[in-house]
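# Structural description and commentary
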Amino acid sequence: MTSALGSAPTGRDVRRARPTPTRAHRLRWARAAGTGWLYVLPALVMYAVFVLRPLALTIQYSLYDWNGIGVARWAGLDNYLTVFTDSDLLKIIGNAVILIVFFSFIPVALGLLVASMVRRITTGAFGTVVRTILFLPQVIPLVAAGIAWSWLLSSNGLLNQALRAVGLGGVARAWLGDFDTALPAVGVIGAWVLLGLCTILLVTGMSKIDPALYEAARLDGAGPVREFLAVTLPSLRQEIGVCLTVTIIAALASFDIVYISTSGGPGLQTTVPGLEIYRLAFSQRQVGLASALAVVLMVLVLACVLPIQRLTRGEKP
Amino acid sequence: MAELLTRFPRRRTVLLTSLLAIGMTATACSAPGEDRSSNTKPDAAVKTELGTDPITLEMYAETGFPLAKALADEFSKQHSNVKFNIREDQFTVIVENAPRVLASDNSPDIIRLPTMVDLVKDDLLKNLDPYFTAYGWDKFPASQLMQLRVGVGTRGTGSLYGMGLGYSVTGVFYNKKLASQIGMTQPPATVVEFEQLLAKAKTAGVQPIMQFNKNTAGINFPHQALQNQFGDPTQVADWIFQKPGATFDTPAALKATQAIQKWAQAGYFPKDANALDYAGMVGEFQKGNGLFMFNGDWESANLDKGMPGNAGFFLFPAETAGGKHVAMSAPNTFGVSAKAKNPDAAAYFLNWVHTNATAREIAVKVGGSSPGGPSDLPVPAAAANTVLAETLKASQQLGAENGAVDFTANATGGIFAAAITPELQKLVAGQQTPEGYVKAVQAEYAKELSR
């Protein structure tokens, strides 16, 4: 997906390639461009109706005090002020930032480790089996994953049974209901879901690395660790960028896993912006504040993801 | 996808921005929402005849509440020209959808309602006052319909906006086997006696209270049961009905919260209450894990099936012996949409539910709760030796003592999710003080009323 976009000529390239414009040329080009627009039109209409319009409406709603039905009252930037001053909402945004560690850093780090280990067995029937198993969490609906994990982590769940069996009964607790462990427990579910995606992306990236590079490194006396740091890691820069982007978005915009496993509790310990937006809009009927939080969340996602894009988009060495 | 974000050529970015700008101007011309204040006046002329023309009543009911469908089926059997089209959702989904469903063009005729004040404010519900007069609902005990009245900014007085499909009562279910095991021969007569039983159970290795506290705060049941007893219950009712000046920050609420904290520290609630949801609680109680469970009569029929002969029920005791019982009790509220196509037939149905003998029997057998209606009509009997019979009796006793109050969770649309639930979860986990709890709930209440 990324390579196709990367190799497509950009608008600027086309312009540079154009010969000195004459009137006929210009006319033909204009007509071609018009036809181009015609091809894009259906997609553009869908995009405008289902992406741009809701986005514009959300921004508009965020400037009003509105319950979703009655007459709205102009609120200016009051809703944004609330988002940045309400201690509960700040905690909720903080929870999402903590989740980045679990949803993003852990899957990418573990993914690199697993990918380096299974790199050599990616071909053949065994490779397919390995890939399928690794990718499985990604295929399971998040709701099902959330339910399965909440059983696993419940006070009489498998995890606690295992702990009690080895004499660690004192550690056993309701992992998702305990104030100290609820957020990390939700994070573990997210890490489990996203590990497969990262591993598959990284394995695919590794299979594209020129074996000659490894051979050269080995001739220079590099061990497996040095090989990984000098060859694998730099070559995977773009894949790691994609992994980080996708998983950070998943962390900041998380909803399903949290909704199913903890509903944001106990207290506000696992409440994330996605859940709070939904609650504010539909159960507390504060559409304006919910929209403002949604806009802030979008800006936060962009603020996290754009620098990563900038850092990792450089050409491969 | 990833590179799309940064590799967007400037020209396309400009295009996108302008498209967004067009979108914004197209939508931003007017403020969202509409003024619907045109139909505030109750319709003067209403019909109390059903007629013979075919009618299809659209009903929006609650999943897991079979009473609505059972009543609709019986009504169609008795009135062949009326058919029902029933759509069901989880109650929480109805709470979230009700305003939009009622405002839409295919608004249902009869709808299961959450808190009504906001809906009335937005003119989404039909004022039932004309039907009240036409059908003579003034013969019902006034307290029965009080919770369904909405006035200017308050509830409890004003015009009628809903009727109950059954009137529920809450209290304490107990496991009879475990009760005799710890030497409980009769229901406790005072709060102190109740606490002594809790301590006895704990010593005997029996889980004293099986109560959920995940998703929504089930521990609010015992909390309010205590709060009702530790002070004047009208204070609680005033707060729920949003009477001016009412506050949650009262000595009674504080004392109740301190008791809950004490119970939590003593291990009277399950250790994993914050990870236990409603269904989990009922399941555990039926399995025999727990001496007491604070819950309502909607669970009676289920318990009679799940633990036949082994479940008992009592109203939460008063602080001093012989004191008045007070319990949370609420109608299973159904209202008529302001946009209903057949409001007269809907009201006819609601009246029939309260007055028809078969309907009243269905309310007891299927719904497990009192059918309400005029005080001179007999309440159908439930089978002997069932917990259903006990809850019905408790319901009548409560009516006679005039001790019904609404749930604090219903005070405002957001109070349960935004304050009571998270703060009670904190309290039982030792992360919140009783003083902090009372203040936090009141702060959220004040915030919501100021909007």
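Since this is a predicted model, take the numbers as computed values, not measurements.

### Concerning the overall build of chain A
Along chain A, the regular secondary structure elements total 15 helices and two strands. In terms of principal-axis extent, the alpha carbons of chain A reach across some 85 × 75 × 35 Å. In chain A, which comprises 317 residues, the share counted as buried stands at 38%. Put simply, of all contacts in chain A between residues at least 6 apart along the chain, 74% involve residues at least 24 apart.

### Here's the deal with the UniProt feature "transmembrane region" (unreviewed entry) in chain A
All names here are of chain A. When the UniProt feature table is mapped onto this chain numbering, "transmembrane region" (unreviewed entry) sits at residues 36-56, 92-117, 129-152, 182-203, 240-260 and 287-308. Spanning residues 240-260, this segment combines 86% helix with 0% strand, and its end C-alpha atoms are found 29 Å apart. Its end C-alpha atoms 32 Å apart, residues 287-308 is made of 100% helix and 0% strand.

### Topic: helix α15 (residues 343-355) of chain B
Given a rise of 1.5 Å per residue, 13 residues ought to cover 18 Å, and the 18 Å separating the end C-alpha atoms of α15(B) matches this to within 8%. Among the 13 residues in α15(B), 11 count as buried, and that is most of the element.

### Things to note about the packing of helix α5 (residues 87-118) of chain A against helix α12 (residues 237-252) of chain A
All names here are of chain A. Running from N to C, α5 and α12 cross one another at 150 degrees; their axes reach a closest spacing of 8 Å. Taken together, the axes of α5 and α12 lie roughly antiparallel to each other. Of the two possible hands of crossing, α5 and α12 adopt the one that is right-handed. Across the interface between the two elements, Ala96, Leu99, Ile100, Phe103, Ser104, Pro107, Val108 and Gly111 of α5 pack against Ile240, Cys243, Leu244, Thr247, Ile248, Ala250, Ala251 and Leu252 of α12. Its residues placed into classes, the contact of α5 with α12 shows 13 nonpolar, three polar and no charged.

### A closer look at the domain arrangement of chain A
For chain A, the assigned domains read domain 1 (21-61) and domain 2 (79-312). For domain 1 of chain A and domain 2 of chain A, the distance between their C-alpha centroids amounts to 36 Å.

### Topic: the domain arrangement of chain B
When the parts of a complex come together, some accessible area is lost, and that lost area is often taken as the interface size. Residue and element names in this part refer to chain B. Splitting chain B by domain gives domain 1 (43-167 + 331-388) and domain 2 (169-329 + 405-449). Contacts between the two partners involve 15 residues from domain 1, matched on the other side by 19 residues from domain 2. Looking at the side of domain 1 that touches domain 2, the elements that each hand over two or more residues are α5 (117-121) and α17 (387-401). Residues that form the side of domain 1 that touches domain 2 fall into these classes: four nonpolar, nine polar and two charged.

### Thoughts on the confidence of the model for chain A
This prediction gives chain A a mean pLDDT of 86; 91% of its residues lie at or above 70. Low pLDDT, under 50, characterises residues 1-17 of chain A; the predicted model gives this stretch 14 contacts beyond four residues in sequence or across chains.

Rules used in this analysis
Residues numbered from 1 in each chain as written. Chains lettered and ligands numbered in written order. Predicted model: local features only at pLDDT ≥ 70, side-chain atom pairs only at ≥ 80, totals over all residues. Helix = DSSP H or I, 4+ residues; strand = E, 2+ residues; numbered from the N terminus. Buried ≥ 20, exposed ≤ 12 C-beta atoms within 10 Å, placed from the backbone. Contact = placed C-beta atoms within 7 Å. UniProt positions renumbered as here; feature names shortened; annotations may be inferred. Expected span 1.5 Å × (residues − 1). Axes fitted to C-alpha atoms, helices over the stretch in contact; angles between N-to-C directions. Parallel < 35°, antiparallel > 145°, perpendicular 65-115°, else oblique. Left-handed = near helix turned anticlockwise from the far one by under 90°. Nonpolar A, V, L, I, M, F, W, Y, C, P; charged D, E, K, R; others polar. Domains from an automatic or database assignment. pLDDT = per-residue confidence, 0-100.

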